[in-house]
Amino acid sequence: MGLAMATVGTAASYFQLTRFLREDLTKSVAAQQTALAEYVARDIDSYLDERLQFLGRLAASLPPELLSQPAPLAAWLTRHAALSPVFPLGLMVLDRSGQRLDGTAAFTVDPMAFGNALGGQPALGRPIKMAGSPNAALPMGTPIRSPAGEVVAVLLGTADLAAEGLLGHPDDGRVGHAGGLLVVSPRDRLFVASTDPAMSLKPTPALGVNLLHDRAMTGFRGNGITINAKGVEEISAIASVPLSGWFVVARLPVAEALAPVARMQHFILKQRAPAVLAVLVLIGLIVAWLLSPLLKAARQAEKMARGEMPLSPLQVVRDDEIGHLTRAFNSLLAKLGEQQAELERLAHYDILTGLPNRKLLDDRLRQMLACSGQGGGPMAVLYLDLDGFKPLNDTFGHDAGDEALRRIAKRLLALVGSTDTVARIGGDEFVLLLAGFDAPAEQAVQRLAQRCIEAIGEPLHLDSTEITVGVSIGIVLTEGGAAPKALLAAADEAMYQAKQGGRSCYVLAPWQRDRPVPEAARPQSSCESCVAAVPARQ
Ligand SMILES: Nc1nc2c(ncn2[C@@H]2O[C@H](COP(=O)(O)OP(=O)(O)OP(=O)(O)O)[C@@H](O)[C@H]2O)c(=O)[nH]1
């Protein structure tokens, strides 16, 4: 996660830096383009002004009498045109009806230049392509006035748009590799001149093709980013040429303008990326090394939680925060183990006496039966129920009854071997499971039953009061093949017979797999009422 955040952070910084650089560079290039466009626009304006001024001075100095003398007028015009190279394509004079007065046919008449000049104002015509030359030409006109000030004729001159110092700028003014200058006449919807000669004297694009151009055509001056007619994104700046109503566009493709940013990105990626990658890999390895014990511990903990491995302490591999965490986990695990053991104990042992409860008795009985059934010899179940325990409880109280139960449990434990089981399965009911007799089983169990009766019958000294309780015992002997439940029921039944027979005695019920208590076989008993059938003490 940390590694991912570091990577994302680095990438975000890289892209943020790139974005800032692009914005700054775009602004800077736009400002440069604006300065260039304004400079060129001013230059063109002053140059046009210079030509119009020259044309005006020429018109003012034209002797009026020459207007009616074609040959001298033509000679006068040729002489003066030669004096200044501003109209290398020639001069001509027209009367008010548009008739040539100089007798020459140097070039065609521009209606715009002629018409406006006739109205009394110097005027520019529509730029045209020069016959026999790749250059464009610009017709200009100025009024010729009579001494009374009336416009009597028009002096027309045609300037070479490619002439050095006029619109030579667009040709020379290439900006970068693909950038350049454009001079646009909104009135004529025409590219007057362009760095790209193919665009010169071509009509401007239709509305909607280039949005910044559309705005410029309606008077916007400034800069912006636009997509040109060829689909190239450009930074363009627009400045006015006031005298002509034209505007100059200085433009540069964004890709070229921002090439330094692209070079910087390339440089960073080329120079820094391997180092950054190496650092990231190193960080990743360190993080993996740091976290590997934690991940291993987590995997083990999950297995323990799923019960696929026992609860066992995790290995503490390092004495750092993770080692600390592992130790804390182990402590928690130990606590959990203790609690689990306690729960286990509570589930299988009687809280009052600490003896196995009915559940554990069932397990042990099954084990012993299985063992006995596999040739392990006979086993015996002794079912004990105290006699007169209720009066004890009622007379001396429940606590005294509890204490009596605890002491009786100890006495019973003292009588059996370590492999035998003494369980408490109810209020005053105990069960003994015996096996591995060193004498004939019947005799041995009867002997033990008798010793139980005697041991429990010993007085109990509770709160300096002597109390005595008895016990009735039902015994079942088997050599396996019996169901635990049926065996216990048979022992219980024998115990009941002992109760019926006078209490504080035992009854031994013979056991056969299909007939637990055969009618033919009378039980052996220590009870007085059964004394005729069995000896009281064996
Ligand atoms: N103090 C104490 N008494 C208990 C406990 N569990 C059961 N008892 C009492 O043990 C008595 C058992 O009842 P009985 O077996 O009928 O009493 P009893 O006097 O021995 O009767 P018989 O078996 O017919 O001789 C009841 O009074 C129960 O309340 C215990 O955990 N502690």
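Residues numbered from 1 in each chain as written. Predicted model: local features only at pLDDT ≥ 70, side-chain atom pairs only at ≥ 80, totals over all residues. Heavy atoms only, no water.

**Here's the deal with the overall build of the protein chain**
- A count of helices and strands for the protein chain gives 13 helices and 18 strands.
- Per-residue burial over the protein chain gives 44% buried out of 538 residues.
- Put simply, the protein chain shows about 28,200 Å² of open surface, and 58% of that area lies on carbon and sulfur atoms. (Helix = DSSP H or I, 4+ residues; strand = E, 2+ residues; numbered from the N terminus. Buried < 20%, exposed > 50% of the residue type's maximum accessible area, 1.4 Å probe, protein only. Areas by Shrake-Rupley, 256 points an atom, 1.4 Å probe, with all protein chains shown as cover.)

**A short note on helix α7 (residues 259–306)**
- The terminal C-alpha atoms of α7, which comprises 48 residues, lie only 60 Å apart, well short of the 70 Å expected from a rise of 1.5 Å per residue.
- Along α7, the largest kink reaches about 50° and is centred on R272; proline P274 follows within four residues of it.
- G307 sits one or two residues past α7 and shows a positive phi near 80°. (Expected span 1.5 Å × (residues − 1). Bend = angle between axes of the 7 residues up to and from the residue.)

**A short note on the sheet that holds strand β8 (residues 222–227)**
- The five strands lie next to each other as β7-β6-β10-β9-β8, forming an open sheet whose pairing is antiparallel. Lying at the two open borders of the sheet, with one neighbouring strand each, are β7 (190–194) and β8. Across this sheet, the average inter-strand angle for adjacent strands is 30°, counted without regard to direction.
- When strand β6 (residues 180–185) meets β7, the two strands line up antiparallel, connected through four bridges. What sits directly across from L182, in β7, is S194. (Pairing = 2+ DSSP bridges. Axes fitted to C-alpha atoms, helices over the stretch in contact; angles between N-to-C directions.)

**Quick notes on the site of the ligand**
- Residues in close proximity to the ligand total 17 residues, the closest being K390, N393, D402, R424 and R503.
- The contact in question runs from an oxygen atom of the ligand to an N or O atom on the backbone of K390, over 2.8 Å.
- D428 places a side-chain nitrogen or oxygen 3.0 Å from an oxygen atom of the ligand.
- For the shell around the ligand, the elements supplying multiple residues, two or more each, are β11 (379–387), α10 (389–396) and α11 (398–415). (Near = heavy atom within 4 Å. Polar contact = N/O pair within 3.5 Å; in protein donor to acceptor, adjacent residues only side chain to side chain.)

**Some details on the confidence of the model for the protein chain**
- Confidence in the prediction of the protein chain, expressed as mean pLDDT, is 85, and 90% of residues score 70 or more.
- Strand β12 (residues 421–424) holds the highest mean pLDDT among the elements of the protein chain, 98, whereas helix α4 (residues 168–172) holds the lowest, 52.
- For the stretch residues 512–522, pLDDT sits under 50, and the model shows nine contacts to residues farther than four places along the chain or on other chains.
- In the predicted structure, residues 530–538 sits below a pLDDT of 50 and forms 20 contacts with residues beyond four places in sequence or in another chain.
- The complex model carries a pTM of 0.50, and its ipTM stands at 0.97. (pLDDT = per-residue confidence, 0-100. Contact = heavy atoms within 4.5 Å.)

**As for the packing of α11 against helix α12 (residues 441–457)**
- The geometry of α11 relative to α12 is characterised by a closest axis approach of 10 Å and an angle of 150° between their N-to-C directions. As far as their axial angle goes, α12 and α11 are roughly antiparallel. By crossing handedness, the relation of α11 to α12 is classed as right-handed. Seen from α11, the contacting residues are I408, R411, L412 and L415; seen from α12, they are L448, R451, C452, A455 and I456. (Parallel < 35°, antiparallel > 145°, perpendicular 65-115°, else oblique. Left-handed = near helix turned anticlockwise from the far one by under 90°.)

**Some words on the side chain of D387**
- If you trace the backbone, D387 turns up in strand β11.
- Residue classification places D387 among the buried residues on the basis of a relative accessible area of 8%.
- Each residue touching D387, except ones within four places of it in the same chain, is listed here: V469, G470, V471, S472, K499, R503 and S504.

**As for the layout of surface pockets**
- By volume, the largest pocket is sized at about 480 Å³.
- What lines the largest pocket is a set of 26 residues, and nearest its centre among them are L182, M199, N228, E234 and R251.
- At the level of elements, β6, α5 (211–217), β9 (233–241) and β10 (246–253) are the ones that each hand at least two residues to the lining of the largest pocket.
- Of the residues forming the lining of the largest pocket, the biggest block, four residues, is contributed by β10.
- Taken together, the residues that form the lining of the largest pocket break down as 13 nonpolar, eight polar and five charged. (1 Å grid on protein atoms, 1.4 Å probe; cavity = no way out; pocket = protein on both sides within 12 Å on 5 of 7 lines; lining within 4 Å. Points joined across faces, edges and corners; volume = space filled by probe spheres on them. Nonpolar A, V, L, I, M, F, W, Y, C, P; charged D, E, K, R; others polar.)

**Here we look at the UniProt feature "transmembrane region" (unreviewed entry) in the protein chain**
- Under the UniProt annotation, the feature "transmembrane region" (unreviewed entry) is placed at residues 273–295.
- Note that residues 273–295 is 100% helix and 0% strand, and that its end C-alpha atoms are spaced 30 Å apart. (UniProt positions renumbered as here; feature names shortened; annotations may be inferred.)

**Looking at the environment of V154**
- Inspection of the secondary structure assignment puts V154 in strand β5 (residues 151–160).
- Note: C-alpha distance between V154 and T142 (twelve residues apart in sequence) is 5.8 Å.
- Those residues in contact with V154 that lie beyond four places of it in its chain are M92, V93, L94, F114, A117, L118, T142 and I144.

**Examining the side chain of E429**
- Summarising the element assignment, E429 is placed in strand β13 (residues 429–435).
- Buried charge E429 goes without a salt bridge, the closest partner of opposite sign being R358 at 5.0 Å.
- At a separation of 3.4 Å, a polar atom in the side chain of E429 contacts the side chain of Y383.
- Beyond its immediate sequence surroundings of up to four residues, E429 is in contact with Y383, L384, D385, A423 and R424. (Lys, Arg positive; Asp, Glu negative; His and termini not counted. Salt bridge = Lys/Arg side-chain N within 4 Å of Asp/Glu carboxyl O.)

**So, the pattern of salt bridges**
- All told, the structure shown has 15 salt bridges when counted by the stated rule.
- A salt bridge links K499 to D387, with the shortest nitrogen-to-oxygen separation between them at 2.5 Å. Note that K499 is positioned in helix α13 (residues 484–500) and D387 in strand β11, a separation of 112 residues in sequence. Each member of the pair, K499 as well as D387, is classed as buried.
- One salt bridge in this structure joins K390 and D394, with 3.0 Å as the shortest N-O distance. One end of the pair is K390 and the other is D394, both in helix α10 and four residues apart, which spans about a single turn.

**Details of α13**
- Counted at 1.5 Å a residue, the expected span for α13 with its 17 residues is 24 Å, and the 24 Å between its end C-alpha atoms agrees.
- Among the residues making up α13, those that are buried are P484, L487, L488, A490, A491, A494, M495, A498 and K499.
- Those residues of α13 that are buried are in contact with α9 (358–376), β11, β13, β16 (470–478) and β17 (506–509).

**A look at the packing of α7 against helix α8 (residues 321–348)**
- As a packed pair, α7 and α8 sit with axes 10 Å apart at the nearest point and diverge in direction by 15°. The angle between α7 and α8 falls in the class roughly parallel. Handedness of the crossing formed by α7 with α8: left-handed. Touching L290, L291, P293, L294, A301 and M304 of α7 are I322, L325, F329 and L333, all from α8.
- Residues of the contact of α7 with α8, tallied by class, amount to ten nonpolar, no polar and no charged.

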